[in-house]
Amino acid sequence: MAIEESLTEEQQELVESAAEMLYGLIHARYIITNRGMQAMYEKYAAGSFGRCPRALCCGQATLPVGRSDLPRNYTTQVFCPECRDIFTPRSSRSASIDGAYFGTTFPHLFLMTFPELIPCQTTQTFVPRVFGFRISRTSIYYTNSSSETTLKRRPKSRSIKAASWTAGSVAK
């Protein structure tokens, strides 16, 4: 008699869940080995992990990363070596994978292992403008003070005064 036949459905689900987590954590350790790095290099070169959504990164290939090494905390994100930021992957399949299955170390160790893949830091940055003029760094646009950025409401004008003024001007 096979072991699967002796387990209840609830026990079977628990075993499968634990096996999936164990496989994922082994994967996180495998991809930082020499063999794993080489396999990930080929996937990265093919753009299998997606492209950076930022316009100034010009479609830079991304790498998978976890926001935590502990399972069931966060899903997988993608790291862009150009802007050095993380994003939610476009693929719903990739976005549903536990981030611990890639870990927090992988993309950085990968780029240290293959330094030729580190993109040159561009000096190109987006400059916000209003009617063609740069916004001053001292303006409210750049301040983080909540008292300055809170919208102030205008006092309500009395509609009675407006109506009587209009009626009075018409009667004359």
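Scroll up to find the structure this text is about.
Below or above, wherever it landed, is the structure these notes cover. (Residues numbered from 1 in each chain as written. Predicted model: local features only at pLDDT ≥ 70, side-chain atom pairs only at ≥ 80, totals over all residues. Heavy atoms only, no water.)

### Some remarks on the environment of G99
Rules: Working definition: helices are DSSP H or I runs of at least four residues, strands are E runs of at least two. Numbering for both runs from the N terminus.
On the secondary structure map, G99 appears in the loop between helix 4 (92-95) and helix 5 (106-113). For G99 and T76, which are 23 residues apart along the polypeptide, the C-alpha to C-alpha distance reads 3.9 Å.

### A short note on a negative patch on the surface
Threshold: Like charges are joined within 9 Å and nonpolar side chains (Val, Leu, Ile, Met, Phe, Trp, Tyr) within 5 Å, but only among residues with over 30% relative accessible area and no salt bridge; these make up the patches. Method for areas: the Shrake-Rupley scheme with a 1.4 Å probe, in which residue coverage is limited to the protein chains shown. Only one rule defines a salt bridge in this text: a Lys or Arg side-chain nitrogen within 4 Å of an Asp or Glu carboxyl oxygen. Within this scheme the basic residues Lys and Arg register as positive and the acidic residues Asp and Glu register as negative, but His and the chain ends are omitted. Here the site of a charge means NZ on Lys, CZ on Arg, CG on Asp, or CD on Glu.
Residues E9, E10, E13 and E16 make up a contiguous surface patch of negative charge. Along the polypeptide, E13 turns up in helix 2 (residues 9-30).

### Remarks on the environment of Q60
Just so we agree on the cut-off: When accessible area is computed with a 1.4 Å probe and restricted to protein chains, residues below 20% of their type maximum are described as buried, those above 50% as exposed, and intermediate ones as partly exposed. It only takes one pair of heavy atoms within 4.5 Å for two residues to be counted as in contact. Definition of a polar contact: a pair of N or O atoms within 3.5 Å, with one able to donate and the other able to accept a hydrogen when the atoms are protein atoms, and with sequence-neighbouring residues admitted only if both atoms are side-chain atoms.
Mapped onto the elements, Q60 comes out in the loop between helix 3 (34-45) and strand 1 (63-65). Residue classification places Q60 among the buried residues on the basis of a relative accessible area of 15%. Spatially, the C-alpha atoms of Q60 and G50 are 8.5 Å apart, while their sequence positions differ by 10 residues. In this structure Q60 touches Y44, G50, R51, C52, C80, P81, E82 and P119, once residues within four positions along its chain are discounted. There is a polar contact of 2.9 Å between the side chain of Q60 and the side chain of Y44.

### As for the sheet that holds strand 3 (residues 85-87)
Note: strands within a sheet are paired through backbone hydrogen bonds, in either parallel or antiparallel orientation. Rules: Two strands are counted as paired when DSSP detects at least two bridges linking them. Helix axes are fitted only over the stretch in contact, all axes being lines through C-alpha atoms; the angle between N-to-C directions runs from 0 to 180 degrees.
Ordered by their spatial adjacency, 3 strands build an open sheet running 1-2-3, and the pairing between neighbours is antiparallel. Because the sheet does not close on itself, it has two edges, and the strands there are strand 1 and strand 3. In this sheet, neighbouring strand axes are inclined to one another by 40° on average, regardless of whether the strands run parallel or antiparallel. For strand 1 and strand 2 (residues 77-80), the ladder comprises 3 bridges, and the chain directions are antiparallel. If you follow L63 over to strand 2, its bridge partner there is F79. Lying over the sheet, helix 5 contacts strand 1 and strand 2, oriented at roughly 140° with respect to strand 1.

Limitation: the analysis is restricted to geometry and does not speak to function.
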